Amino acid sequence: MELKKNQYLIDGIPVLNLVEKYDSPLYVYESAKMAGQFNRITDAFKDSRVQINYACKALTNINILKLFRKLGTGLDAVSIQEVQMGLKAGFEKDRILYTPNCVSMKEIDQAVELGVRINIDNIAILEEFGHKYADSVPVCVRINPHIVAGANHKISTGHIDSKFGISIYQMTHVQRVIETNRMRVEGLHMHSGSDILDVEVFLRGAEIMFDTAKKFPDLDYIDFGSGFKVPYRTDDVATDIDALGACLSDRFNRFCDEYGKKLTLIFEPGKFLVSEAGYFIARVNVIKQTTSTVFAGLDTGMNHLIRPMFYDAYHDIVNVSKPEGKTRIYTVVGYICETDTFGWNRKITEASEGDYFLFRNAGAYCYAMSSNYNSRFRPAEVMVHKGRDFLIRKREKMEDLMRNQVEVEFGL
Ligand SMILES: *Cc1c(COP(=O)(O)O)cnc(C)c1O
């Protein structure tokens, strides 16, 4: 998004034209930004054989999946439905890695049937899988390296109390299961959570993976997960992807020499690929002065964007109706009957009722986590591609809320 001649533009299109055309609230995605991020990460890892799997739980619109398929990513799917969406979007089976957690064997059987790659993150399931499929279906094993990564404990997954992965201290047991069932382990995986800033932390995780990899002679790939931190505030520091690419590629290639086989290095970013490409726009319904603050109340709430309330996430907010002028301090809130505060004490250009506020970084985990709470409709989604706008999901209507409800005459 850029500010030009006193108006905000997304790939050349004025934001206000988009809300006028598609109404409010509205999610807008910028395909050029997604492609740019994909190119950044592939450039950073150009010295190794790298595959980028888009972690589609961040944003699952079919058009976004198709865009990433065309760019050349694989897919990280965490549910059988995400696998099915990926296949629908045209991803090759062997480019989809299914990484479930706490699912039943039944769902894993479905993934086997669909022919995608399977990542297993607990020993009981690994054992069951081995009894059933032996070496006829290869597996990837998700490891918990026990590194504490990222500042936000709500999105950290690699620590000792995490439900994800199989502890590195249980590798002897894993090997026993693998050997007894004559299973083939084609990949090792780790994902230590979101918002990892330090290249150092990634490299520490990588060393643990290399150590573990020596115990598995049939590997084709090592998947280092994701967790790249992206800037949410203007002064935020992000993961230095170029430095990481240079260091890890070099170390990975040396490991492959030692291992005696050229392996594929996989990353599966969600946030990194789509966070900054998304914008969420909502209308100011009410300016309400109370004894302690001035509230700007929007025509949206935690039903459409829950990250601030759920994770204490920070989303930058700008008044796109008044790009320039004096600022005032607002507490930006939603219309839901809960305390749904998007941000306290934000300096925003002086707002009037009817102005439009825009949230940055609304690509990842925003629409994907939206709900119908308070019986509100979910917003429309628009993709801006090569300077043109496309509706990629309709705004919901009353019949969408009623669709699966069954009205029964119970009598008294
Ligand atoms: C959520 C998730 C990702 C993506 O994490 P980001 O922080 O969005 O990049 C990658 N891999 C797995 C297994 C995940 O669950």
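From a predicted model like this one, the values you see are computed outputs, not experimental measurements.

Caption draft 1: Seen up close, the sheet that holds strand β1 (residues 2-4). Read across the open sheet, the 3 strands follow the order β1-β2-β3; overall the sheet is antiparallel. Each end of this open sheet is capped by a strand with a single partner; those strands are β1 and β3 (13-14). Bridge count for β1 against strand β2 (residues 7-10) is 3 bridges, and the pairing is antiparallel. Bridge assignment links L3 to a residue of β2, and that residue is Y8.

Caption draft 2: Representation of the pattern of salt bridges. Counted according to the given criterion, the structure contains 16 salt bridges. We note a salt bridge from R117 to E186, for which the minimum N-O separation is 2.7 Å. Of this pair, R117 sits in strand β8 (residues 117-120) while E186 sits in strand β11 (residues 185-189); the two residues are 69 residues apart in sequence, bridging distant segments of the chain. The partner of E258 in a salt bridge is K214, with the nearest N and O atoms 3.7 Å apart. Of this pair, E258 sits in helix α9 (residues 241-259) while K214 sits in the loop between α8 (199-213) and β12 (221-223); the two residues are 44 residues apart in sequence, bridging distant segments of the chain. Overall, the relative accessible area of 51% leaves E258 in the exposed class. On the basis of relative accessible area, K214 is assigned to the partly exposed category, the value being 48%.

Caption draft 3: Region of the structure containing the nonpolar core. If you look at the biggest cluster of nonpolar residues, it comprises 104 residues, and the most contacted ones within it are Y54, I64, F129, F224, L248, F267 and V274. Here this core gets 9 residues from one element, more than from any other, and that element is α8. Counting only domains with at least three residues in this core, you end up with domain 1 (2-28 + 275-402) and domain 2 (60-269). When near neighbours in sequence (up to four residues on either side) are disregarded, F224 contacts M190, A206, M209, F210, L248, F252, L265, I266 and F267. Counting residues in each nonpolar core, the second largest holds 18 residues, with Y22, I281, V320 and V382 among its members.

Caption draft 4: Spatial organisation of the environment of L305. Structurally, L305 can be placed in the loop between β15 (294-298) and α11 (307-311). As a C-alpha pair, L305 and A111 span 194 residues in sequence and 31 Å in three-dimensional space. Once residues within four sequence positions are removed from consideration, L305 is found in contact with Y27, F280, H315, F342, F359 and C366.

Parameters and conventions
Residues numbered from 1 in each chain as written. Predicted model: local features only at pLDDT ≥ 70, side-chain atom pairs only at ≥ 80, totals over all residues. Heavy atoms only, no water. Pairing = 2+ DSSP bridges. Helix = DSSP H or I, 4+ residues; strand = E, 2+ residues; numbered from the N terminus. Salt bridge = Lys/Arg side-chain N within 4 Å of Asp/Glu carboxyl O. Buried < 20%, exposed > 50% of the residue type's maximum accessible area, 1.4 Å probe, protein only. Core = buried A, V, L, I, M, F, W, Y, C linked by side-chain atoms within 4.5 Å. Domains from an automatic or database assignment. Contact = heavy atoms within 4.5 Å.

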